[in-house]
Structure formats: structure tokens, C-alpha cells
Amino acid sequence: MILNRKEIVSRHNPVLTKPEPLAPLSIGNGRFGFSVDATGLQTFYDDYETPLGTQSNWGWHYTGGRGVYSENEIAYQMYETYGRKVGYPMKPEDKAEAYHWLRQNPHRLQLGRIAFRLLREDGSEARLSELERLRQELDLWTGIVRSEFVFDGRPVAVVTSCHGVQDAVGVRVSSPLIAENRLQLFVRFPAPDMTNTAWAKSVFPDWGNDDRHRTEADAESATSVVLRRTMDDDGYRVRLEWTAGALERTGAHEFTLRGAKGADRLECTVGFAPGDPARTSAEEAESSSAERWSSFWESGGAVDLSGSADERAHELERRVVLSQYLTAIHSAGTMPPQETGLMYNSWFGKMHLEMHWWHAAHFPLWGRASLLKDSMDWYNSILPLAKELAASQGYEGARWPKMVGFDGVQSPSPVAPGLIWQQPHPMTLAELIHRIEPNRKTLERYADLVFQSADFMVSYAHWNEERKSFDLGPPLIPAQECHSLHESMNPPYEVEYWKYGLEIALRWAERLQVRSNPAWAKVAGAMAPLPQRNGVYLAHERCPDTFTLKNRDHPSMVGALGLLPGTLVDKDVMRNTLRKVQSDWQWESAWGWDFPMCAMTAARLGDAETAVDFLLMEATKNTYLPNGHNYQRPGLTAYLPGNGGLLIAVAMMACGWDGAETGDCPGFPRNGRWSVRWEGLHPLI
């Protein structure tokens, strides 16, 4: 290694000197996440706009039990599809109860709240505003949060950690308030159900409805207890261990730990698991966390912008470092993440598979392909369901759903069933892994999902005899979701991606020395031309008002060159399109990943100045909070696709892409104001 990685990372440790209700710090290990307020736990839950979450890859729940409704019990709207009707579950119609149950189930569980009870001398509980001399720092190199504050004249020091292997939180507290029994630690469990809106904190977690779940104490000793949590057909266990003090039940679903008499220290761990959590201590949690995170930072890629004269360089480097940390916690699990990761539930905690590329394509580019492989195996596990979905619509191969829980069952939705741009994602992600690990084992691991994905793609494309090319849709909804299912035809990004995905399948067949489906080459070689008008690309073939009435949401047409090599793209037309997008788009309606998407397009067009301008554009949804999360709007204050997109763009701009005509750092300006030192990165496709 050439770069001083610890120095690069540590200069961006978040240091908070006041409460940040939008930006709680988080710790985790890729399968489990825990976010904290200014006290180092989840004490002032109601004061934080971003919910303080405790979530895992494995913690899910079905209201009323599994199988209350099935996809056969909802209404399907029939859409004309070149001489036949294909059904999509877009509207509830007279099956509203089944529709909404399937949309909301399974949902990810809030596993529990770990908090302090801070008491005034009269026994009443403190308010957040009463904390003084706050200082909280997340040590990125170790993944440990240290919090200090003064309450009622007494100092409090807290060390919070997450075990690197176990799903356990370690807590060490020092304060005279412990001996006065005015600082206690409690664990409280919410009811499991989700209803109505997808991210409203008033709806989830539900701290009432005690009769909707059970919490029973097992295996009690003087310094430990295992709590058995049950809700309908689902459940998990929680192990509390402490070094001294006493635990008592203080509510139907609440347990409070008080320090030993006269002691000014309190130390405990809270571990979560589907079965019995392993035993561990706070000291072991801290040691394991430090080992995991130092290993993470010392491996893979790194970028140093400290020598740059451009005043934006420090902020870009901060975003890069924090995005690596956050995606390693929230996007590196055993299945694709939800858009808010393990922070809190958005869209009922479900995954949006069209976002998986944005969440995780950066891992192999940053030399960390191993953090992508676990979630790729999840696609293999749901491959039978994807094949059933394709067959139910009269197609071959496997059609990947858009919005799903861990079970892989398509969710009904006003938009999700009509999207197609998630289809080549598993193929492209597999290809990125193969570029880092180019061996037969990799090819065999993902061959089925690559080939079955391609079989659906050629089955879905429709031959246009008049034009002698293959069309996409209708029905389809492009990545720019403000277009109707029954009108959208040949959106540029999807057409280019169809071609590129099929070319991946052809390469994999050649590498494995197996016979390819002849239709793969036929369709890839004759995709419809990318629709354009007046020298710019359109949202789709039937949208002449792209830049007047539809200049909102994602400007996804630019993704045909940027995210992708753009072999169907006329670069002059795309250059005009990008300029038009830059000047005419309603940027307050865009999303966090749109900014790096446009930066990648600018980079491939040789306009490095514009690439940086897009990455650091001042726009609400391009805001990166003090904790590093990409803010979008009230209720969606953490948006991991923005973080992942930033990392993809920076890796590409520093390391290049296939066919880049310039050498080192082709996506950064050569104006003498940018010094970009990097190591361990890999080029984009």
C-alpha cells in the first residue's frame, strides 16, 4: 500500500457536538445494524426524525402468519402485449385486503430499542435539550462510537460497539449517575406489524399493542438472561449479559438494568439471533469491531484527494470515505438491501431489485467483491420463483421481480411490476465479480442466473417487422417511473442494457464452452434504435415532450452511456442530451443516484469538469448529512443508492473504464486543481 489509509479515513470521523436528529450515527457488521442518538444509545427516540433502528438481514415478520394471502388472490390488470394479454398486479380493485397484505408482508422487524433512562433528582425523565457539553465521535477505523455529555452537572461517558461477527451491541458507561440510580439502561420491544404508509415513524415501530407479541425470559442467571420473542409464526431471541447490577422486568416488553450499589460503571451486551445468541462481552465486541473495520480499510481500494486545490475536494473525499463505511454496514448482507439499509424501514423494509446495482456494484470496483457475492447467491435461491413469474406471463427464462421481501415473492404495486431494468442487473453484477475473480468457479456459481435472465430477455423483446429490429414494450415502465405502463416503448437505457446483458450471456457461454441460445445473439444484434428528436435522446419512443412535460424524476436516458458502454449511442446526441438535462431538468424531483449517473455520462464524454459538477451539485437530494447518509426528503433521510452511486462514479473517474482513451484519472479535471491518488480500484465496464 502506498496511501496512508488510516490518515485518510480518520480525518473524516464524524464528530458531533450537538444532537443531529436527521443524522444518527450507526454501527454494524453487514448483517446487523444499530443506530444511536447523542447518548450513544436510543434514548431520545421521539426526538429523532431519522428513526433509530436495530435491524438485521434475518429479522422478518408476516402479520397474522405466513400465507395469509397468496399472489393468486389479488387482481391482475390485463395489458395488450402484441396480440395477447399479460396480467400485472398494479391496482387493488376488489381484492384490496389481499393486495395490501402482500405489499406489506413480509416486513423487516425493528428488533428492539436499547436506551438509557436518565432521571432528574425528582425521578422525572430528562429531555434531550438538558444534555450539555455534548461530544460524540464515530471512529471509522474501529467502528466504535464514543459519546460524552453532562446531565444535571454529572458527566456521562459511553462506548458503543457492534461485534464484527455476532449481531450484538456492546455498551460501556461511566457516570456518577449510575450510583445514584439516575442512569439506567433498558431494552424495549415494539409490536411487529406495519400498516399504511411505508416509512412513517408514527406507524412503525408500534410501541403499543402489547398483545400482538410475547416476550418471555429463559435461562436466567445473576448476570444474564435470554429473552424469547414471539409474534405470529415468527420469532427471535435476545441475550442480555452484564458484569454487575440487576435486571428486572419493567413492562410487558421492557427490561431495565440498574448498576450495582455504589458503582459508577455499567457494562453489558445485547445480542440478537434467530436462535440462541452466542455469549460475548462489551470488551470482546469492541475488539471484534476494531479487527473487522481495520481489516476492511486495509483491503480493497482507497482514494486520497488531500493534495487538491479545488475547495470541493475535501467534501468529496468525506462522502467517499463515509459511503464506504455505510455501504459496508447496510448493503453487504446476504440479500440485496432495502434503500434505507438497516437504519429503518422504507417501503416496508423490502428490497428494490432495480436499486441493487446502485447499492453494490461499487464493491468489486473497490476491490471488495466478497461483499457482493453473498447477496448474489440470494438470486440463485429465488431463481425458481423468477422462472414461475416469467412463465405466468407467457415468457421463457426468469423474470426478476422489482419489490420483494426475503422470500422473493413479487409485491403488488402501482409501479413495481412494470419495471424491467432490474433484469440485467444480476448478469452485470456477476460479470463484475468475474472480472475480479476470473475463474470457472465464478462462472459456474452464476451461470444459471445469467442464462435464465437472458432467456427471458429474448422472450420479452418483440420483433418489429417494419423496422427489422427488436422493441421493448409496451407494456413497461422505464427507470424514469413517471411514464405509463401501456405507452412506454424503447427507453434508451433499457434498450442499451438489453443489448449489453445479452452480450454478457454470450461471453459466459463461450467461457464455459457451452452452446448459447441462438436468440441471444439475434436479439442483441438487432435492438431498436435509441429514440431521439431535435438532436437529443427521448425518455422513450412515444415521449416527444421529454424536456417539457416529463423533465422530472430520473433522467435515465443518459444512463445508456455512463452506466453502460453505450454501443448504440451517438456521442454527439448524448452530449446534447446531457447538456439539456443539466439545464432543463427539475433537479428537486431527481434522486440521489441521478447525480453520479450524470457524472459517469460526462466522464465517458470526456467532460471531466461537468462530471465533478454533477457529483457535487447543490441540490436537496444530493445532500450528504454529517453521518454520511444521502438525504432525500422528510421520511427518507437515508438513501443508500446515492452512496453506492457516488462510489461507482468516483472509482470510474479515478481508475477509468473499458476503452477509456486517456490514462490515469480520466474522469477528473486536468486543470491543476485536482490531485487524485488512488490504489486498489478496478475499471468500470
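Owing to the predicted nature of the structure, the values given are computational and were not obtained by experimental measurement.

Visitor: Help me understand the pairing of strand 16 (residues 224-231) in this model?
Guide: Side-chain positions along a regular strand alternate between the two faces of the sheet. For strand 16, a buried count of 7 out of 8 residues is recorded, marking the element as mostly surrounded by other parts of the structure. Connecting the antiparallel pair strand 15 (residues 214-218) and strand 16 is a turn made up of 5 residues, with A219 showing a positive phi of about 50°. For strand 16 and strand 17 (residues 234-242), the ladder comprises 8 bridges, and the chain directions are antiparallel. Its bridge partner lying in strand 17, S224 is registered against E241. Linkage of strand 16 to strand 17, two consecutive antiparallel strands, is achieved through a turn of 2 residues, within which D232 is found at a positive phi near 55°.

Visitor: What is the right way to look at the sheet that holds strand 15 in this model?
Guide: Backbone-to-backbone hydrogen bonds join strands into a sheet, with any given pair of strands oriented parallel or antiparallel. The sheet built from 9 strands is open, its strands ordered 1-10-11-12-13-20-17-16-15 with antiparallel pairing. Pairing within the sheet leaves two strands with one partner each, and these edge strands are strand 1 (15-16) and strand 15. Here strand 12 (residues 154-162) runs beside strand 13 (residues 168-174); their pairing, made up of 6 bridges, is antiparallel. Note that in strand 13 the partner of V159 across the bridge is R172. Running at roughly 60° to strand 12, helix 4 (residues 282-298) makes contact with strand 11 (144-151), strand 12, strand 13 and strand 20 (265-273) of the sheet.

Visitor: Can you help me understand the pairing of strand 7 (residues 85-88) in this one?
Guide: Bridging between strand 6 (residues 77-80) and strand 7 involves 4 bridges; their strand directions are antiparallel. Its bridge partner lying in strand 7, E80 is registered against K85.

Visitor: Just to check I follow, could you spell out the nonpolar core for this structure?
Guide: Generally speaking, a soluble globular protein has its nonpolar side chains buried in company with each other. Among the nonpolar cores identified, the biggest contains 209 residues, and L118, L185, L316, W357 and W358 are the most heavily contacted of them. Excluding residues within four positions of it along the chain, L118 makes contact with F44, S124, E125, A126, L131, F149, F151, L177, R182 and L183.

Visitor: Looking at this structure, how should I read the pattern of salt bridges?
Guide: Any two side chains of opposite charge can pair, on the condition that their charged atoms come close. By the definition in use, this model includes 41 salt bridges. A salt bridge links E254 to R117, with the shortest nitrogen-to-oxygen separation between them at 3.0 Å. Placement of E254 in strand 19 (residues 254-258) and of R117 in strand 9 (residues 113-118) is noted, with a sequence separation of 137 residues between them. Accessibility expressed as a relative area gives 8% for E254, which makes it buried. In this structure, the salt-bridge partner of E315 is R318, at a minimum N-O distance of 2.8 Å. Of this pair, E315 and R318 both sit in helix 5 (residues 313-330), 3 residues apart, roughly one helical turn.

Visitor: Explain the sheet that holds strand 18 (residues 246-251) here, please?
Guide: Taken in spatial order, the 4 strands of this open sheet run 9-14-19-18, and their pairing is antiparallel. This sheet does not close on itself; its edge strands, each paired only once, are strand 9 and strand 18. The average angle at which neighbouring strand axes cross in this sheet is 30°, direction not considered. Of the pairings in the sheet, the one linking strand 14 (residues 183-188) to strand 19 comprises 4 bridges and is antiparallel in character. Bridging across to strand 19, R188 finds its partner in E254.

Visitor: Got a minute to help me understand helix 15 (residues 608-615) in this structure?
Guide: An α-helix turns once per 3.6 residues; consequently, residues spaced three or four apart project the same way. Most of helix 15 is tucked away, with 6 of its 8 residues classed as buried. For helix 15, the full list of buried residues reads A608, T610, A611, V612, F614 and L615. Contacts made by the buried residues of helix 15 are with helix 5, helix 13 (571-584), helix 14 (594-604) and helix 16 (640-655).

Analysis parameters
Residues numbered from 1 in each chain as written. Predicted model: local features only at pLDDT ≥ 70, side-chain atom pairs only at ≥ 80, totals over all residues. Heavy atoms only, no water. Buried < 20%, exposed > 50% of the residue type's maximum accessible area, 1.4 Å probe, protein only. Helix = DSSP H or I, 4+ residues; strand = E, 2+ residues; numbered from the N terminus. Pairing = 2+ DSSP bridges. Contact = heavy atoms within 4.5 Å. Axes fitted to C-alpha atoms, helices over the stretch in contact; angles between N-to-C directions. Core = buried A, V, L, I, M, F, W, Y, C linked by side-chain atoms within 4.5 Å. Salt bridge = Lys/Arg side-chain N within 4 Å of Asp/Glu carboxyl O.

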